[in-house]
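Listed below are the residues making up each chain.
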Amino acid sequence: SLFIPIVTLVWIAKILVTGSGAHLDKPLVWKNAGPLLFYFPLALILAFIFWAVSWEDPLRQLFYIPTFFQENTKNMEVLYFGTWKCSTVSIPWHYPFGYLAIVTPLPVLIFSVIGLCTLIADVWKRKPYASLVPLWFFVPVSRFILPKMGVLDGIRHFLEVVYPLSIMAAIG
């Protein structure tokens, strides 16, 4: 859920910079993006209010989460393509892609690649909504480019990419 505002803001910036969607009846401009810009701060405030009831010292806990994952997963062994890797030390940048390839059925992978190619072609045709799903897929996965990212076995750390993967498969 933390990546929803990031993906949306990158997508809006891409549309505004490239001018894609100008041919539409209601092109995306700042006045049309206003509800989104109001929604994200409101969602953060409400989430914090409701979570604060459950946590002792919620601000400190919230800011401790990244440190917790870096410290508590350090050197934790992760099996990846038959080789043991150490979390935060030797996890390759392609870990989420490889793990998705392992756990995703082959027809879904094939149709996802076809759907991604279709969406990329639509981006080149300047269709404004074509870039949203690829951004939704690649922005959350991009955090694994960081060499010190802590991971555990499984896809639970990048489960949010299953939704755009499914959408790309449906398009393909």
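Residues numbered from 1 in each chain as written. Predicted model: local features only at pLDDT ≥ 70, side-chain atom pairs only at ≥ 80, totals over all residues. Heavy atoms only, no water.

Turning next to the nonpolar core. Grouped together as the largest cluster of nonpolar side chains are 19 residues, with contacts concentrated most on Tyr-95, Phe-158 and Met-168. Mapped onto this core, the elements with two or more residues apiece are strand E1 (77-80), helix H4 (95-103), helix H5 (106-124), helix H6 (132-141) and helix H7 (162-171). If we ignore the near neighbours within four places in the chain, the residues touching Met-168 are Phe-111, Ser-112, Gly-115, Leu-116, Leu-119, Val-133 and Phe-137. Val-7, Trp-11, Ile-15 and Leu-135 belong to the second-largest nonpolar core, a separate cluster that totals 6 residues. (Core = buried A, V, L, I, M, F, W, Y, C linked by side-chain atoms within 4.5 Å. Buried < 20%, exposed > 50% of the residue type's maximum accessible area, 1.4 Å probe, protein only. Helix = DSSP H or I, 4+ residues; strand = E, 2+ residues; numbered from the N terminus. Contact = heavy atoms within 4.5 Å.)

Let us now look at the environment of Thr-118. Along the polypeptide, Thr-118 turns up in helix H5. Assessed through its relative accessible area of 32%, Thr-118 is described here as partly exposed. With 53 residues separating them along the chain, Thr-118 and Ile-171 place their C-alpha atoms 7.6 Å apart.

So, on to the packing of H5 against H7. Packing of H5 against H7 leaves a shortest axis separation of 6 Å and a crossing angle of 80°. As far as their axial angle goes, H7 and H5 are roughly perpendicular. In contact with Val-108, Phe-111, Ser-112, Gly-115, Leu-116, Thr-118 and Leu-119 of H5, H7 contributes Leu-165, Met-168, Ala-169 and Ile-171. (Axes fitted to C-alpha atoms, helices over the stretch in contact; angles between N-to-C directions. Parallel < 35°, antiparallel > 145°, perpendicular 65-115°, else oblique.)

For the rest of this paragraph, the subject is the pairing of E1. Because side chains alternate across E1, one face comprises the buried residues Val-78 and Tyr-80, and the other comprises Glu-77 and Leu-79, none of which is buried. Here E1 hands over to strand E2 (residues 83-86) after 2 residues, with Phe-81 in that stretch at a positive phi of 50°. (Pairing = 2+ DSSP bridges.)

Turning next to unusual backbone geometry. Although it is not a glycine, Phe-81 adopts a positive phi angle of roughly 50°. For Phe-81, a relative accessible area of 55% translates into the label exposed.

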